[in-house]
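One letter stands for each residue in the lines below.
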Amino acid sequence: MSAATFGVVMSLLPFSDLAPYKPRQFVPAQIDLGDWAQISPLFDALEKRLAEINDPGALEEWLLDWGELAAALEEEGAKRYIAMSCHTDNADAEKAYIEYIEKIEPELKPRNFKLDQGYLAHPARAKLSPARYGIFDRSTKQMVELYREENVPLETEEARLGQQYQKLSGSLTVQFRGEEKTLVQMGRYLEEPDRPLRQEAWELVAKRRLEEVEKFEDIFDQLIALREKIAKNAGFSNYRDYAFKARGRFDYGPEDCYKFHDAIEKHVTPLVHRLNDERKQKLALDALRPWDLSVDPLNLPPLRPFDKVETMVERTQSIFDKLDPGLASGFRRMNDLKLLDLANRKGKAPGGYQSTLSEARLPFIFMNAVGVQRDVETILHEAGHAFHALATRGEDFFAYRGSPIEFAEVASMSMELLGNEYIETFYNADDAKRARRKHLEGVIDVFPWIATIDAFQHWIYTHPGHTRAERKTAWLALMDRFGSKIDWTGYEETRAYIWQKQLHLFLYPFYYIEYGIAQLGALQVWANSKKDRAHALRQYQDALALGGSKTLPELFAAAGCKFDFSDGAVGPLAQLVQTELTKLG
Ligand SMILES: [Zn+2]
């Protein structure tokens, strides 16, 4: 089955077989990475060798070999995932991916943990350069310190509850004008100029969600209880403090997050209120209701940036041609190697992502373009991630080819802002303004939501044993603090439980403020580019090339930004966006 599986996966990939960036030294060329019986001897060999090493040079070689194995395995998983998401209707592709998830990945966790432990305890480690290995060592130490055997089944249970949440969310449908629609499908009606239609669509979704409030509450209460237990087992008095360590937050703490909340409240929330007032006036409404936020304020039809995906690729290429020769050749190369699968078609999974083929050290972009402005934002965003992967190709130490999310999203969000400067490749002058305005409004709108979700999680996990009623009160207080001043009359319950639609709360606790931190970095890169474009792009690419080898403040500094999310940093950036929005009219 396994060799056949390999053939199936290869035949379904949009790109042809790619050679490893460097020839393998440790992993056999002919190994089947879907067969655990062939993989486990390599872990045995690494363990045995570690015990025999007695000089730092040999330890460094050992780290490279371990990384080579990790990269080969990661690429195997990525290829199976790509084949499946490009062909959801192919049962063999699904089987190949599930097999990898169920048979290979669970075996890897304990074996890697053992190597982590062995590495940390090794006497030669003290002789390695701290400048080179300091970052790797601190995260390896953290993982080993947090690891508890008794937490493994609790984490499995946590993943099961997460799946339950996704299943419940994904199963919700409504009957809209005689047709069954998913809640995601209903989203597009909120852009319709016909207001009663928007209201009808919004109400249906809100009502459907309210029917499931208690089910979502049940899942969430179980998740909180599990997480508190996991934290206690690891020696923490609350889950918040555990989560900060588990997420590898070495460079900021809860106090910094509180500063971020205050800064957003002071500088961004008032800007959202002002934008909503403008919207209300343009739409000539007495009151702005929840279904009035996505429609074009002048009731214009949606932007149409392209018809065919080939045109989107050409126009995106010409943006990079104007922006920077290095980025331009990177994107052209991806296109030549068929590392772009962008068109929406039957049998493709929804959404978009960038994945890295870790052994070839090449990025791949997947999306479902249909010819809307959102597609242009997505391709620029994912291209930013792809440029990050290309920039770290020369790094031989696998652990440093990836970077922390707080900085990875700087790479992608900067590219949205920088690329939008040349969006005339897609639009005439008026539509380009509209597209820029829509994008910048989106940048501003999301900050208060990030603060709300983050502050809510701080409250939840520092108030153990809270009741559902207390949680509701805490949420509503945050909605009053950060939320827009739109008219919710008649929909108070929807407002009180709207957090239930935020998947991160259920699946990735405390993961959300990263987007806010990264967006502040991206806005700084953009501000720098307005003063000296070539220099800003040089700094951007230099910072990307550092991968994960430096601390967050160092990565931000290399990109020409400050790693600072307090009042003094947020104020000028909010001002910059406001100035740009005013220019766009
Ligand atoms: Zn991203």
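Look up: the structure comes first, before these words.
Let us look at the structure shown here. (Residues numbered from 1 in each chain as written. Predicted model: local features only at pLDDT ≥ 70, side-chain atom pairs only at ≥ 80, totals over all residues. Heavy atoms only, no water.)

### A closer look at the overall build of the protein chain
Link 1 in the chain: The number of helices and strands found in the protein chain is 24 helices and five strands.
Link 2 in the chain: Its C-alpha atoms give the protein chain a radius of gyration of 25 Å, near enough to 25 Å, the size a compact globule of 585 residues would have.
Link 3 in the chain: For the protein chain, the spread of C-alpha atoms along the principal axes amounts to about 75 × 55 × 50 Å.
Link 4 in the chain: Per-residue burial for the protein chain yields a buried fraction of 54% across its 585 residues.
Link 5 in the chain: The contacts in the protein chain between residues at least 6 apart in sequence include a share of 75% that link residues at least 24 apart.
Link 6 in the chain: When the accessible area of the protein chain is evaluated, it comes to approximately 26100 Å², of which 52% is carbon and sulfur surface.
Link 7 in the chain: For the protein chain, the centre of its 75 positive side-chain charges and the centre of its 89 negative side-chain charges are spaced 2 Å apart. (Helix = DSSP H or I, 4+ residues; strand = E, 2+ residues; numbered from the N terminus. Rg over C-alpha atoms; globule rule 2.2 N^0.38 Å. Buried < 20%, exposed > 50% of the residue type's maximum accessible area, 1.4 Å probe, protein only. Contact = heavy atoms within 4.5 Å. Areas by Shrake-Rupley, 256 points an atom, 1.4 Å probe, with all protein chains shown as cover. Lys, Arg positive; Asp, Glu negative; His and termini not counted. Charge placed at Lys NZ, Arg CZ, Asp CG, Glu CD.)

### As for the nonpolar core
Link 1 in the chain: In terms of nonpolar packing, the biggest core is built from 157 residues, with F260, F320, L342, F387, F407 and F506 touching the most fellow members.
Link 2 in the chain: Of the residues forming this core, the biggest block, 14 residues, is contributed by helix α17 (residues 429-461).
Link 3 in the chain: Contact partners of L342, with chain neighbours within four places excluded, come to V309, M312, V313, K348, I365, M367, N368, A369 and I379.
Link 4 in the chain: Within the second largest apolar cluster, 33 residues are counted, among which are L33, L108, F136 and V144. (Core = buried A, V, L, I, M, F, W, Y, C linked by side-chain atoms within 4.5 Å.)

### Regarding the environment of E192
Link 1 in the chain: Considering the arrangement of structural elements, one finds E192 in the loop between α7 (183-186) and α8 (195-211).
Link 2 in the chain: In sequence terms E192 and N299 are 107 residues apart; their C-alpha atoms lie 8.2 Å from each other.
Link 3 in the chain: In this structure, E192 is in contact with L197, R198 and V295, ignoring residues within four places of it in sequence.

### Quick look at the coordination of the zinc ion
Link 1 in the chain: The zinc ion binds to the protein through H381 (NE2), H385 (NE2), E409 (OE) and E409 (OE), with metal-donor distances spanning 2.1 to 2.4 Å.
Link 2 in the chain: Here the zinc ion is ringed by four donor atoms whose angles at the metal span 53 to 142°, and the overall shape comes out irregular.
Link 3 in the chain: Expressed as a motif, the donor residue spacing for the zinc ion is H-x3-H-x23-E. One end of the pair, H381, is in helix α15 (residues 373-391); the other, E409, is in helix α16 (residues 405-420), with 28 residues separating them in the sequence.
Link 4 in the chain: The buried category is assigned to H381, whose relative accessible area is 14%.
Link 5 in the chain: Accessibility expressed as a relative area gives 11% for E409, which makes it buried. (Donors = N, O, S within 2.8 Å, 3.2 Å for Na, K, Ca; no water. Tetrahedral: all angles 85-135°; square planar, octahedral: opposite > 155°, others 65-115°.)

### Focus on the pattern of salt bridges
Link 1 in the chain: Across all of its chains, the model carries 53 salt bridges by this definition.
Link 2 in the chain: Residue E200 pairs with R177 through a salt bridge whose shortest N-O separation is 2.6 Å. Of this pair, E200 sits in helix α8 while R177 is found in the loop between β1 (173-176) and β2 (179-182), placing the two residues 23 residues apart along the sequence.
Link 3 in the chain: Of the charged contacts in the structure, one is a salt bridge between E421 and R533, with a shortest N-O distance of 3.3 Å. (Salt bridge = Lys/Arg side-chain N within 4 Å of Asp/Glu carboxyl O.)

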